[in-house]
2 protein chains.
Amino acid sequence: MRKRSKTSNGQRVTASDVAERAGVSKWTVSRAFTEGASVSPQARERVLAAAAELGYRPNLLARGLTKHRTQIVGLVVDEMDNPNLLSLINTTTSQLQRQGYLAMLLNISSEHDHGAAISLADQFQVDGLIFLGTVLTDELVHLAQQIRHIPLVVLYRNSDNPNIQVVSTDGYRAGREIAGLLLEQEYRRIGYMTGPVSGSTRLSRLDGFRDGLAEQGLAVDEVLEAGHYRRECGFRALEHYLATTAPAERLEALFCENDILAIGALDALKARGESGSMGIVGFDDIKQAASPAYALTTYRQPLESLVNEAIRRIRFDEAQPRRHLLPGELIQRDSHRRTN
Amino acid sequence: MRKRSKTSNGQRVTASDVAERAGVSKWTVSRAFTEGASVSPQARERVLAAAAELGYRPNLLARGLTKHRTQIVGLVVDEMDNPNLLSLINTTTSQLQRQGYLAMLLNISSEHDHGAAISLADQFQVDGLIFLGTVLTDELVHLAQQIRHIPLVVLYRNSDNPNIQVVSTDGYRAGREIAGLLLEQEYRRIGYMTGPVSGSTRLSRLDGFRDGLAEQGLAVDEVLEAGHYRRECGFRALEHYLATTAPAERLEALFCENDILAIGALDALKARGESGSMGIVGFDDIKQAASPAYALTTYRQPLESLVNEAIRRIRFDEAQPRRHLLPGELIQRDSHRRTN
DNA sequence: GCGGGGTTTACAACCGGTTGCAAACATGAT
DNA sequence: ATCATGTTTGCAACCGGTTGTAAACCCCGC
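Residues numbered from 1 in each chain as written. Chains lettered and ligands numbered in written order. Predicted model: local features only at pLDDT ≥ 70, side-chain atom pairs only at ≥ 80, totals over all residues. Heavy atoms only, no water.

### A short note on the environment of V73(A)
Residue and element names in this part refer to chain A. Positionally, V73 belongs in strand β1 (residues 72-77). Here V73 falls in the buried class, since its relative accessible area comes to 2%. It is 47 Å that separates the C-alpha atoms of V73 and G217, two residues lying 144 residues apart in sequence. Beyond its immediate stretch of four places on either side in the chain, V73 contacts L96, Y101, L102, A103, M104, G128, I130 and I314. (Helix = DSSP H or I, 4+ residues; strand = E, 2+ residues; numbered from the N terminus. Buried < 20%, exposed > 50% of the residue type's maximum accessible area, 1.4 Å probe, protein only. Contact = heavy atoms within 4.5 Å.)

### A word on the sheet that holds strand β5 (residues 165-169) of chain A
Read across the open sheet, the 12 strands follow the order β11(A)-β5(A)-β4(A)-β3(A)-β1(A)-β2(A)-β2(B)-β1(B)-β3(B)-β4(B)-β5(B)-β11(B); overall the sheet is mixed. Each edge of the open sheet is held by one strand with a lone partner, namely β11 (323-326) of chain A together with β11 (323-326) of chain B. On average, each strand axis in the sheet is inclined to that of its neighbour by 25°, with strand direction left out of account. Relative to β11(A), β5(A) runs parallel, the two sharing 4 bridges. Across the sheet, residue S168(A) finds its bridge partner in β11(A), namely L325(A). Strands β1, β2 (102-107), β3 (128-132) and β4 (152-155) of chain A together with β2 (102-107) of chain B of the sheet are contacted by helix α5 (residues 83-98) of chain A, whose axis makes an angle of about 80° with β2(B). (Pairing = 2+ DSSP bridges. Axes fitted to C-alpha atoms, helices over the stretch in contact; angles between N-to-C directions.)

### Focus on the pattern of salt bridges
Residue and element names in this part refer to chain A. One pass over the full model with this rule turns up 30 salt bridges over all chains. For the salt bridge of E309 with R313, the shortest nitrogen-to-oxygen distance reads 2.6 Å. Taken together, the positions of E309 and R313, both in helix α12 (residues 303-316) and 4 residues apart, correspond to about one turn of that helix. Relative accessible area serves as the criterion here: at 2%, R313 is assigned to the buried category. (Salt bridge = Lys/Arg side-chain N within 4 Å of Asp/Glu carboxyl O.)

### Details of the packing of aromatic side chains
Residue and element names in this part refer to chain A. Under the criterion given, the structure shown has 10 aromatic pairs over all chains. Here F283 and Y299 contribute two aromatic rings whose centre-to-centre distance is 5.3 Å and whose plane-to-plane angle is 20°, an arrangement assigned as stacked. Here F283 is found in the loop between β9 (279-281) and β10 (298-300), whereas its partner Y299 is found in strand β10, with 16 residues between them in sequence. For the pair F283 and Y299, a shared accessibility class is recorded, and that class is buried. Ring-pair connections join several aromatic residues into one group, and the members of that group are Y192, F209 and F255. Above the face of the F283 ring, R205 is positioned so that its terminal group lies 3.6 Å from the ring centre. (Phe/Tyr/Trp six-rings, centres within 6.5 Å; stacked < 30°, edge-to-face > 60°. Lys NZ or Arg CZ within 6 Å of the ring centre and 35° of its normal.)

Pasting the structure below:
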């Protein structure tokens, strides 16, 4: 038995096969598939027809080899236990696909393979790397930068490393907008609930919030520390606060760093039968936020735009690293309003 | 300015560069990097040294082109809103990476690109496709099978399509084991809580459970329908049951299809101050299950083994499609025991 | 009928590896 | 010293595309 005769019995249909079928040479086939190439309309027509009949689909490895561009983006992901991450992965990948890119998932969360994974991605000639909600160690950045000149983008997070591209939601602006919203409601005693203290995510958001309040001569009265981005943590933090603070002295409104925390907070109010006694605002606009049980007022990050911007930066590999902050959208539901 | 002189100034270090440095020919370099090739130890030594000095890393596109194997596995994912999926993606990708594979994430959840995504994966010559918790339409299977001969594996789910490889936890066996556990506790009135009725996942689990109980002459007394795999749904389902059933007639034990539901159920008991009045068993062993607040007895799926089996099937492309069911592990904590 | 300008197309070389083949070499037995 | 055997190594060809160049072609005006 022979090994795959070129034309007929072999599984793979190559450009040469199409060429033969269409009565042209394989170079013409290649040109027929590239946008601005000089091919006569009728030649292209014939090629495309032949390709369709034979079910030809170009081998992207071969193409990548010559073009030095693969349309693959490495998605470096950490913290695989953060449920919020899933929605980020979701929008990122689907947006990438829509733009003709494919995502190679590099899971950094387990053990020490940080270097190995990135190196592997490099060997596959990825067009760029997107870091998704990763705690981006300097080691990691260094690693990625020295390997080859791969465009790096940190998405959704704010890295303070100045050598790296950042595409993220403008937290400062969001904080201000939310401050404005709460001031409209004429709250005076206003608080903030924070998750893990590490994230620089928090900083800009809280800064903007502070500055927004300050414009009206107000300040953040109380910062509640929830510890983690988990419903129970938000629940307990507010529960504890309510239990230890006299009603007259309580906060009138609370901006939570995160929808998860906000929902915990709403649950805590409900559990004490005090729903509506405190205006609550979250951040992210997760699915549950829209449920009528919560009707959580929150701030939606412009996920699609963020991804597209990241892709743009990979595609054109902007010269000097710069952070790009996009505004999100305030989603007004009911939870920020007084109802009693 | 010239375009990348081959050896020195060009970014990319190729096998030829290494060859020159090591004083051998590039073919020897290639052989030094393949496992069972015939190369003299000292030649390999020199090549490896030169490669290390130059920072050579083989171009995997080129390798894939000739070897017809890429070490890339397409991970077809749907239902991107199922939080359980994240942990599946996590273990799957990290296990793949550990085995030298890379995962290309194909997000099917949005719109109509089912075909496009799979076709794209094919063009990248993926070694196989793994369907992860996907509602696997026949159209999808057909599509994937006709394109090229790509090994397909459905992971974690039980497809009833006989033309397709399935690697999954043995739900029937799990059901029996759990039945056995509950019988050991001498419960008589035993129930089952189900999520969406569609999944064939459920069937085998419930079948095994039924058969296990039947061995002792018992049956499933009550099937509670929670609707979705969400905590609130489990909560409400049990809450409603408790509210409408006289204490004397209540179930003594309840096997929930899912830890999420089980946790909802535990919360419902707690909310009524009846914690410990009903033995609860879940399925999956999610993180929360281990928390002392729940101490949920559950059944852990052998995730690593499942992935490895899937990889094995992709690598060796088993001839006839067959389903492969692996046993999981019963995790006994406290929630299945009587405490009052 | 011929030469000039613009398109199309064929060709060769290449991207960066792998692999079958045969020559070169080393080894040990006779 | 000779030969059979086994191991290394160099070479050419190839994987399936792309791209620069040069030849072939077309249309047109002179």
